[in-house]
Amino acid sequence: MNILFYVTCFGAAVVIFLWLRDLRIYGRTGKAGYRRAALRGVFWSATGLAGVAAADFNQPFIGIALVLGALYMQGQDERERVWTSEGSLERFLGAVRIQKR
């Protein structure tokens, strides 16, 4: 296995983590920006997994490109501010106060 395969796997795991974090924040707040980000996160996670598949089939640069593209595009969605005084760990895990819809 090439080291780029492991980098691609780590990048895909990050894409999936960010998608699940957006999904958790949407479930707790109901904000429209996080709903849009969670819906698009499904596609970007699939793109990241396609990058892992490409890297597994001896095309590591295509795999890295797909994962980096997915990471870039996942960060482009506009999201509302949901944190006020939470610490870094709570922000990292997506812990927000539950809000009524």
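Up top is the structure these notes are about.
The present account deals with the structure reproduced in this document. (Residues numbered from 1 in each chain as written. Predicted model: local features only at pLDDT ≥ 70, side-chain atom pairs only at ≥ 80, totals over all residues. Heavy atoms only, no water.)

## Side note on the packing of helix α2 (residues 32-56) against helix α3 (residues 60-74)
Each pair of packed helices can be summarised by the angle the axes make with each other and by the distance between the axes. The condition that has to hold: Only C-alpha atoms enter the line fits that serve as axes; for helices the fit covers just the stretch in contact. Angles between N-to-C directions range over 0 to 180 degrees. In this description a helix means any DSSP run of H or I spanning at least four residues, a strand means any run of E spanning at least two, and both kinds are numbered starting from the N terminus. Here is the rule for angles: anything less than 35 degrees is roughly parallel, anything more than 145 is roughly antiparallel, 65 through 115 is roughly perpendicular, and the remaining ranges are oblique. Note on convention: near helix rotated counterclockwise from far helix by under a right angle means a left-handed crossing. Clockwise means right-handed. Contacts between residues were defined by any pair of non-hydrogen atoms, one from each residue, lying within 4.5 Å.
Where α2 meets α3, the closest approach of the two axes is 7 Å, and the angle between their N-to-C directions is 165°. Regarding the angle of α2 to α3, the classification is roughly antiparallel. Where α2 crosses over α3, the handedness of that crossing is left-handed. In this structure, α2 contributes G41, W44, T47, G48, A50, G51, A54 and A55 to the contact, and α3 contributes P60, I62, G63, L66, V67, A70, M73 and Q74.

## Comments concerning helix α1 (residues 3-29)
Put simply, the rule reads: The span expected for a helix works out to 1.5 Å for each residue beyond the first. The classification of residues rests on relative accessible area computed with a 1.4 Å probe and restricted to protein chains. Under 20% of the type maximum is buried, over 50% is exposed, and intermediate values are partly exposed.
For α1, built from 27 residues, the straight-helix expectation of 39 Å at 1.5 Å per residue is met to within 8% by its first-to-last C-alpha distance of 39 Å. Among the residues of α1, F5, T8, G11, A12, V15, R21, D22, I25 and T29 are the ones counted as buried. Against α2, α3 and α4 (88-93) lie the buried residues of α1. Taken from the residues just after α1, G30 is the one with a positive phi, measuring 80°.

## With respect to the side chain of D77
Let me state the cut-off plainly: Within 3.5 Å is the distance limit for a polar contact, defined as a pair of N or O atoms, with the added protein rule that one can donate a hydrogen and the other accept it, and that residues adjacent in sequence qualify only through two side-chain atoms.
By the element assignment, D77 lies in the loop between α3 and α4. Overall, the relative accessible area of 9% leaves D77 in the buried class. Of the polar contacts made by the side chain of D77, one reaches the side chain of R40; its length is 2.6 Å. Setting aside residues no more than four positions away along its own chain, D77 makes contact with R36, A37 and R40.

## Here we look at the packing of aromatic side chains
Where we set the bar: Stacked, tilted and edge-to-face pairs are distinguished by plane angle, under 30 degrees for stacked and over 60 for edge-to-face with tilted covering the rest, among Phe, Tyr and Trp rings (Trp via its six-membered ring) whose centres lie within 6.5 Å.
For the coordinates displayed, the defined rule picks out two aromatic pairs. Look at F43 and W44: their rings are 4.7 Å apart centre to centre, the planes differ by 65°, and that puts the pair in the edge-to-face class. Given a relative accessible area of 51%, F43 falls into the exposed group.

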